[in-house]
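Fold and contact review
So the chains spell out like this:
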Amino acid sequence: MFLVCYAYILLICLKNSHQENIKSHKIVTYWGQNAVYNELKSKEFWEKDLSEFCSYNYDTIILSFVNTFFDEMNKDKMPGMNFAFHCETPLSSDYKTLFRCKTIENGVKECQKRGKNVLISLGGAVGNVGFKNEAEAKLFAYRVYHLFLEGSELPLLRPFGSAVLNGIDLDIESGDYKYYSLFVQEIKRLEKTGSQSVFISAAPQCPYPDYLLGPSAEHLLGDVPNFIDEIYVQFYNNWCNTGNTVVFDDHMVKWLNYSRDNKGPKIYIGIPANIKASGNPQHYRTPQELAVIYSKYKEEPRFGGVMIWDASFDQNNLIAGKHYSKHISDMFNMQNNIQSLAQTTQNLVTISSSIAQDSDNSHTDV
Ligand SMILES: *[C@@H]1O[C@H](CO)[C@@H](O)[C@H](O)[C@H]1NC(C)=O
């Protein structure tokens with residue numbers, strides 16, 4: 001009897017320790033650009049308010065974008081932003097592209113209450129980004145920290161008021177590559193003046209290394225890999241897209257190797273959330289196709305999960321009554337449950353044979 005209980009407890013422990021592992025695979029999305037508008041003009045399809053997405057199966061929601069680092073449209077060249085139709089209200093006539101977004105502020109607080117990580121993305125496909133010199137990198141870090149994070153020195157200019165975001169995402173697709181390492185180092189220095197940690201992610205294109213973010217010398221991912229928490233590699237709109245299997249696998253392994261060799265950021269597979277969400281329908285993967293890719297990488301210790309572009313396309317991609325993101329989270333659960341069941345069965349076989357042995361041995365004592 002004692003042996004049976006012991007075996008039973010051991011099984012529960014094994015099962016739970018395995019599930020800890022699985023829980024760490026996450027789903028990340030971008031919200032704020034209403035990208036679906038390119039395909040579906042009618043208002044019924046437009047991206048819902050941020051708060052509506054707090055109930056989706058996302059772990060991280062990235063508000064997009066701060067697309068101009070130093071904007072002539074604003075006094076003191078304060079940052080310029082774009083959240084599509086969600087928020088277009090200038091703070092004042094002095095700040096034409098620095099917005100005040102009460103609805104987003106409420107959405108951020110609601111989603112954070114529900115355990116989601118909410119970031120602000122710097123950059124995007126259309127932007128005016130980059131730094132001319134070290135002073136600009138430091139000034140921009142100061143402004144980002146006080147406009148969006150825990151800093152309290154620009155209280156009247158904060159786009160999301162009292163909402164404190166969890167961190168920043170660097171989606172740098174244009175401009176110069178220089179001084180991003182300094183920018184991130186400065187954010188990390190400012191982090192120490194507050195009580196909350198600042199989460200930092202980057203979204204390179206899939207060709208390795210990314211020509212703006214690296215990893216290579218003087219590029220962000222080469223200089224400060226330990227300061228970056230997660231990388232959302234855009235495996236679409238490029239030859240290394242997930243449909244080009246051999247090239248995709250080769251690049252995925254390069255990113256994973258980079259992370260392993262530098263104890264660097266977790267690597268995410270970035271994909272379109274809908275067949276129309278990237279420039280080429282062949283870069284989209286059905287849930288079944290994604291499951292094949294996932295089964296290949298889920299055991300990699302440096303693999304983090306899946307990033308989808310964007311929330312509006314996910315909202316409009318209902319498959320058998322479930323959003324695309326729900327299929328992804330079901331896939332995480334199903335593949336790992338099957339695996340833990342197999343593992344449990346294996347353990348059960350091992351343990352019951354050792355129980356059989358033990359009880360054979362105990363006969364002599366009775
Ligand atoms: C990844 O690292 C392994 C082990 O060091 C190495 O054998 C492999 O060639 C690397 N793959 C790529 C694509 O860089």
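If you're wondering where the values come from, they're calculated on a predicted model, not measured in any experiment.

Secondary structure summary: the chain contains nine helices and 13 strands in total. Its C-alpha atoms give the chain principal-axis dimensions of about 90 × 45 × 40 Å. The buried share of the chain, reckoned over its 366 residues, is 43%. Within the chain, contacts between residues at least 6 apart in sequence are counted, and of these 73% link residues at least 24 apart.

Our focus in this paragraph is the UniProt feature "domain: GH18" (unreviewed entry) in the chain. In the numbering adopted here, UniProt assigns the feature "domain: GH18" (unreviewed entry) to residues 25-326. Segment residues 25-326 splits into 26% helix and 22% strand. End C-alpha atoms: 14 Å apart.

Our next topic: the site of the ligand. Neighbouring the ligand are Asp-250, Val-253, Lys-254 and Asn-257. Of the residues assigned to the shell around the ligand, the class counts are one nonpolar, one polar and two charged.

For the rest of this paragraph, the subject is helix 3 (residues 134-147). Helix length check: helix 3 (14 residues) gives 20 Å between terminal C-alpha atoms against 20 Å at 1.5 Å per residue, within 8%. The complete set of buried residues in helix 3 reads Ala-137, Phe-140, Ala-141, Arg-143, Val-144, Tyr-145 and Leu-147. Looking at the buried positions of helix 3, the neighbouring elements they touch are strand 7 (167-172) and helix 4 (180-191).

Below, the discussion takes up the confidence of the model for the chain. Summarising the model, the chain shows a mean pLDDT of 92, and 90% of its residues fall at 70 or more. Confidence over residues 1-5 falls short of pLDDT 50; this stretch has two contacts with residues more than four positions distant or in other chains. Between residues 9-22, whose pLDDT stays under 50, and residues either more than four places distant or in other chains, the model counts 14 contacts.

Among the secondary structure elements, Asn-317 is positioned in the loop between helix 8 (311-315) and strand 12 (318-319). A count of 22 C-beta atoms within 10 Å places Asn-317 in the buried class.

Here we come to the nonpolar core. Core analysis: the largest hydrophobic core is formed by 93 residues, its most contacted members being Val-144, Ile-168, Leu-170, Phe-183, Val-233 and Tyr-268. The leading source of residues in this core is helix 3, at six residues. Those residues within four positions of Leu-170 in sequence are excluded, and the remaining contacts are Leu-122, Gly-123, Tyr-180, Ala-202, Ala-203, Leu-213 and Leu-220.

In this chain, Tyr-208 is followed by Pro-209 through a cis amide linkage whose omega measures -10°. Its location among the elements puts Pro-209 in the loop between strand 8 (199-202) and helix 5 (220-223). For the bond from Gly-214 to Pro-215, the omega torsion is 10°, close enough to zero to count as cis. Tracing the backbone through its elements, the reader meets Pro-215 in the loop between strand 8 and helix 5. The residue Asp-76 is not glycine, and still its phi comes out positive at about 60°.

Sheet topology note: the strand 4 (residues 90-92)/strand 5 (residues 95-99) ladder contains two bridges and is antiparallel. Following the sheet pairing, Pro-90 is matched in strand 5 by Phe-99. Between strand 4 and strand 5, which pair antiparallel and follow one another directly, the connecting turn spans two residues.

Another point: the packing of helix 3 against helix 4. If you want to describe how two helices pack, look at the angle between their axes and the distance between the axes. Running from N to C, helix 3 and helix 4 point in directions that differ by 40°, and their axes come no closer than 8 Å. For the element pair helix 3 / helix 4, the angle class is oblique. Relative to helix 4, helix 3 is oriented so that their crossing is right-handed. Contacts between helix 3 and helix 4 involve Glu-134, Ala-137, Lys-138, Phe-140, Ala-141, Val-144 and Tyr-145 from the former and Leu-182, Phe-183, Glu-186, Ile-187 and Leu-190 from the latter. In terms of residue class, the contact of helix 3 with helix 4 is built from nine nonpolar, no polar and three charged.

A separate point is helix 4. One turn of an α-helix holds 3.6 residues; hence residues three or four places apart share an orientation. With 12 residues, helix 4 should cover 16 Å at 1.5 Å per step; its first-to-last C-alpha distance of 16 Å lies within 8% of that length. For helix 4, the set of buried residues is Tyr-180, Leu-182, Phe-183, Val-184, Glu-186 and Ile-187. If you follow the buried residues of helix 4, they end up packed against helix 3, strand 7, strand 8 and helix 5.

Within the secondary structure, Cys-240 is located in the loop between strand 9 (230-234) and helix 6 (245-262). A residue is classified by how many C-beta atoms lie within 10 Å of it, and Cys-240, with 23 of them, is buried. For the pair Cys-240 and Gln-205, spaced 35 residues apart in the sequence, the C-alpha separation amounts to 9.1 Å.

Among the seven residues in strand 10 (residues 266-272), seven count as buried, and that is most of the element. Bridge count between strand 9 and strand 10: five bridges; the pairing is parallel. In the sheet register, Val-233 faces strand 10, and the bridge partner there is Ile-269. One crossover worth recording links strand 9 to the parallel strand 10 by way of helix 6, and it is right-handed.

What counts and how
Residues numbered from 1 in each chain as written. Predicted model: local features only at pLDDT ≥ 70, side-chain atom pairs only at ≥ 80, totals over all residues. Helix = DSSP H or I, 4+ residues; strand = E, 2+ residues; numbered from the N terminus. Buried ≥ 20, exposed ≤ 12 C-beta atoms within 10 Å, placed from the backbone. Contact = placed C-beta atoms within 7 Å. UniProt positions renumbered as here; feature names shortened; annotations may be inferred. Near = placed C-beta within 6 Å. Nonpolar A, V, L, I, M, F, W, Y, C, P; charged D, E, K, R; others polar. Expected span 1.5 Å × (residues − 1). pLDDT = per-residue confidence, 0-100. Core = buried A, V, L, I, M, F, W, Y, C linked by C-beta atoms within 7 Å. Pairing = 2+ DSSP bridges. Axes fitted to C-alpha atoms, helices over the stretch in contact; angles between N-to-C directions. Parallel < 35°, antiparallel > 145°, perpendicular 65-115°, else oblique. Left-handed = near helix turned anticlockwise from the far one by under 90°. Right-handed = clockwise from strand over helix to strand, strands pointing away.

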